[in-house]
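# Breakdown of the fold
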Amino acid sequence: LFVFDGQDQTGLIFLSCEFEGGSKSYYYRTDDETIDIGDYVRVPVGENGRTAIVEVVDIDYFEEDEVPMPLEKVKVVIEKVDEFGVYPEDEEDE
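Rules of the game
- Residues numbered from 1 in each chain as written.
- Predicted model: local features only at pLDDT ≥ 70, side-chain atom pairs only at ≥ 80, totals over all residues.
- Heavy atoms only, no water.
- Pairing = 2+ DSSP bridges.
- Helix = DSSP H or I, 4+ residues; strand = E, 2+ residues; numbered from the N terminus.
- Axes fitted to C-alpha atoms, helices over the stretch in contact; angles between N-to-C directions.
- Patch = residues over 30% accessible without salt bridge, like charges linked within 9 Å, V, L, I, M, F, W, Y side chains within 5 Å.
- Areas by Shrake-Rupley, 256 points an atom, 1.4 Å probe, with all protein chains shown as cover.
- Salt bridge = Lys/Arg side-chain N within 4 Å of Asp/Glu carboxyl O.
- Lys, Arg positive; Asp, Glu negative; His and termini not counted.
- Charge placed at Lys NZ, Arg CZ, Asp CG, Glu CD.
- Buried < 20%, exposed > 50% of the residue type's maximum accessible area, 1.4 Å probe, protein only.
- Phe/Tyr/Trp six-rings, centres within 6.5 Å; stacked < 30°, edge-to-face > 60°.

### A word on the sheet that holds strand β2 (residues 25-30)
Ordered in space as β2-β1-β4-β3-β5, the 5 strands form an open sheet in which the pairing is antiparallel. Every interior strand has two partners, whereas the edge strands, β2 and β5 (79-81), have only one. In this sheet, neighbouring strand axes are inclined to one another by 50° on average, regardless of whether the strands run parallel or antiparallel. Relative to strand β4 (residues 50-62), strand β1 (residues 12-18) runs antiparallel, the two sharing 7 bridges. Counterpart to Leu15 in the pairing with β4 is Ile59.

See the structure below:
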């Protein structure tokens, strides 16, 4: 069964993400089409190489000429992880 939610799922993928305890969301880009709402991802934070685990709260798709902000200002997701910061494939090795 396929349910169309009205959003075209082509173009650039923008994830709306929230930090733990936060109420504001931030956009990050990804090419990973397996990421879903409710998943956790590792993202770059600030300018000094720090990273954080954030929750994906929404997913939007934009054509390059319709992005909500300049592409060079949008940081890119590093990887998908579980809520404890473990990459899912790592668990299979244990």
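### Some details on a negative patch on the surface
A contiguous patch of negative charge on the surface is contributed by Glu63, Glu64, Asp65 and Glu66. Checked against the element boundaries, Asp65 lands in the loop between β4 and β5. Overall, the relative accessible area of 69% leaves Asp65 in the exposed class.

### Points about the pairing of β2
As defined by bridge partners, β1 adjoins β2 across 6 bridges and the pair is classed as antiparallel. Bridge pairing in β2 links Glu18 to Ser25. Count of turn residues in the β1/β2 antiparallel hairpin: 6 residues, of which Gly21 carries a positive phi of about 80°.

### What to know about the pattern of salt bridges
A complete count under the given rule lists 2 salt bridges for this structure. We note a salt bridge from Asp39 to Lys80, for which the minimum N-O separation is 3.4 Å. Of this pair, Asp39 sits in the loop between β2 and β3 (40-45) while Lys80 sits in strand β5, placing them 41 residues apart in sequence. The class for Asp39 is buried, based on a relative accessible area of 19%. We note a salt bridge from Glu79 to Arg42, for which the minimum N-O separation is 2.9 Å.

### Focus: the packing of aromatic side chains
Applying the stated criterion to the full structure yields 4 aromatic pairs. Relative to Phe62, the ring of Phe14 lies with its centre 5.2 Å away and its plane at 85°, an arrangement referred to as edge-to-face. Linking Phe14 in strand β1 with Phe62 in strand β4, this pair joins segments that are 48 residues apart in sequence. Here the aromatic rings of Phe19 and Tyr26 are separated by 5.7 Å at their centres, their planes lie at 80°, and the arrangement is edge-to-face. Owing to a relative accessible area of 38%, Tyr26 belongs among the partly exposed residues under this scheme. Taken together, Phe14, Tyr27 and Phe62 form an aromatic cluster joined through their ring pairs.

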